[in-house]
Amino acid sequence: MLNASEAFVDGRLVRYGDIAVFALLQWVKFGMIAGISLLVASFAQTNLYTVVVSFFVLLVCQLQYIALEAYAGIESAFASLLVRGLAMVFPNFQLFNVGDQLVYDVETVLPLVTVCKITVYGLFYMLFFLGLAQLNFRRREI
Amino acid sequence: MDRWRTVSSVLFEQYLRPFAVVMCSLLLAGVVSSAFIHSSWQQVKAGQVELSLEAVEDTLGHGAVIGVLGGFRTIVADFLWLKLNAAWEQQDRVELNALLRLITTLDPRPEFFWINGARMISYDVPRWRIREAGGYDAISAHRERAIIEEQAEQAFTFLEKARAFHPENYRLVMEVAQIYLNRLKDDAKAAEWFLKASRLPDCPYYVSRMYAELLRKQGKLNEAYTYLTGLYQSLPNDDPYALKNVVLERIHELEAELSIPVWERFMPSGAGIL
């Protein structure tokens, strides 16, 4: 077998400080998921519905960038607009999957500005979902 | 009529309007935030391994969806590699193939996965298959050869996929050459691939010498001689790994084999005529 030290000769050094940054980003992402769940709950009639729909929204948010890229070359203007609109509706969770770049890949270190922007993006959506959920809950009595 | 009007009014007030408000708000938020995050997304995307819908489908079937969704695909791939080793020990080729595909989809960056995967496919799996068929004594030489060729072909396809991710990696090209040489005993094809590897960046000097030796082995002495003389001139003088003296020795051996007259023999630059 190929020697592991040869295979990873370019280094896969763990940068422990960045694990904390990654953890912060994950907390922001969890905050967004919590916001989404509360928003769904503000409409939902049952607990199960909230859990299932929130999970599917999480999946859509996580994978929307793939769909967007897959339909990038779509010819129909209407369909393209529709896909773009749908992609705009859901936040992009893939932005938070920077664990590999932060912790391992020393060649392409993420700039601090990018990390800050992702955090702001997450906080914005978190507050936005919480605001919408709060607005809906105010209108609900049962 | 009034009842219908009341029902539609309730539907609109309770469901449609809040839904429309939420969707419009989300769309507005999306337009604003995407403009804000666009450059950051490009940076994040550039550093990530591309993931297709097909790859997501693959991972869904193997319980690795958390790894894909969570972002630590590298770690998931590493753990799956450990699982693959268990499948390898148990000689479970179906599981081995599925895991190799999954691992290299999740993290195609380490050449370790590709090279060792190709070796498992081409060297180990044929033995398992022959054993399953009753052993070396039970099957015909023709059947044995067919199994070896089939597995080698699978390994070549696997390495071709690897080269799409690592086009300049000489080890992957060399691996193809080694399979031709050691598994299929096809010197001509092996030589062809060693030559391809030797032209890639950072390729060690010995790959060129292997190519020349394979030419010799095939009886292509003139071709080997021409290649080695060209190689000698291109090798650096100050690098001990270049082993210029060994190349020169082989040139002289070939000159003797080809019965080249003394006055026409290769004279390295810098060496005077006695």
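Details of the structure are given in the entry above.
Q: What is the right way to read the nonpolar core from this model?
A: Across soluble globular proteins, nonpolar side chains have a tendency to be buried as a group. Judged by nonpolar contacts, the single largest core of 65 residues is most densely connected at Trp81, Leu84, Ile103 and Phe194 of chain B. Grouped together as the second largest cluster of nonpolar side chains are 34 residues, Ile36 and Val57 of chain A together with Ile37 and Val44 of chain B included.

Q: Which parts of the structure should I look at to understand the pattern of salt bridges?
A: A side chain with one charge may pair with a side chain of the opposite charge, provided their charged atoms come close. All names here are of chain B. In this structure the tally under the stated criterion is 12 salt bridges over all chains. Of the charged contacts, one joins arginine 119 and glutamate 175 as a salt bridge, the two residues approaching to 3.0 Å between their closest N and O atoms. Remark: glutamate 175 occurs in helix H8 (residues 170-183) and arginine 119 occurs in helix H6 (residues 111-132); sequence separation between them is 56 residues. For glutamate 175, a relative accessible area of 5% translates into the label buried. The shortest N-O distance in the salt bridge between arginine 216 and glutamate 257 comes to 2.9 Å. Linking arginine 216 in helix H10 (residues 205-217) with glutamate 257 in helix H12 (residues 244-258), this pair joins segments that are 41 residues apart in sequence. Beyond isolated ion pairs, a larger network of salt bridges with shared partners links Glu213, Arg216, Arg250, Glu253 and Glu257.

Q: Please explain the packing of helix H4 (residues 73-89) of chain B against helix H5 (residues 93-106) of chain B as it appears in this structure.
A: All names here are of chain B. It is at 9 Å that the axes of H4 and H5 come closest, and there the two elements cross at 165 degrees. Accordingly, the angle class assigned to the pair H4 and H5 is roughly antiparallel. Once H4 is placed against H5, the crossing between them reads as left-handed. Between H4 and H5, the contacting residues are Arg73, Val76, Ala77, Leu80, Trp81, Lys83, Leu84, Ala87 and Trp88 on the first element and Glu95, Leu96, Leu99, Leu100, Leu102, Ile103, Thr105 and Leu106 on the second. Looking at the contact of H4 with H5, its residues break down into 13 nonpolar, 1 polar and 3 charged.

Reading guide: rules and limits
Residues numbered from 1 in each chain as written. Chains lettered and ligands numbered in written order. Predicted model: local features only at pLDDT ≥ 70, side-chain atom pairs only at ≥ 80, totals over all residues. Heavy atoms only, no water. Core = buried A, V, L, I, M, F, W, Y, C linked by side-chain atoms within 4.5 Å. Buried < 20%, exposed > 50% of the residue type's maximum accessible area, 1.4 Å probe, protein only. Salt bridge = Lys/Arg side-chain N within 4 Å of Asp/Glu carboxyl O. Helix = DSSP H or I, 4+ residues; strand = E, 2+ residues; numbered from the N terminus. Axes fitted to C-alpha atoms, helices over the stretch in contact; angles between N-to-C directions. Parallel < 35°, antiparallel > 145°, perpendicular 65-115°, else oblique. Left-handed = near helix turned anticlockwise from the far one by under 90°. Contact = heavy atoms within 4.5 Å. Nonpolar A, V, L, I, M, F, W, Y, C, P; charged D, E, K, R; others polar.

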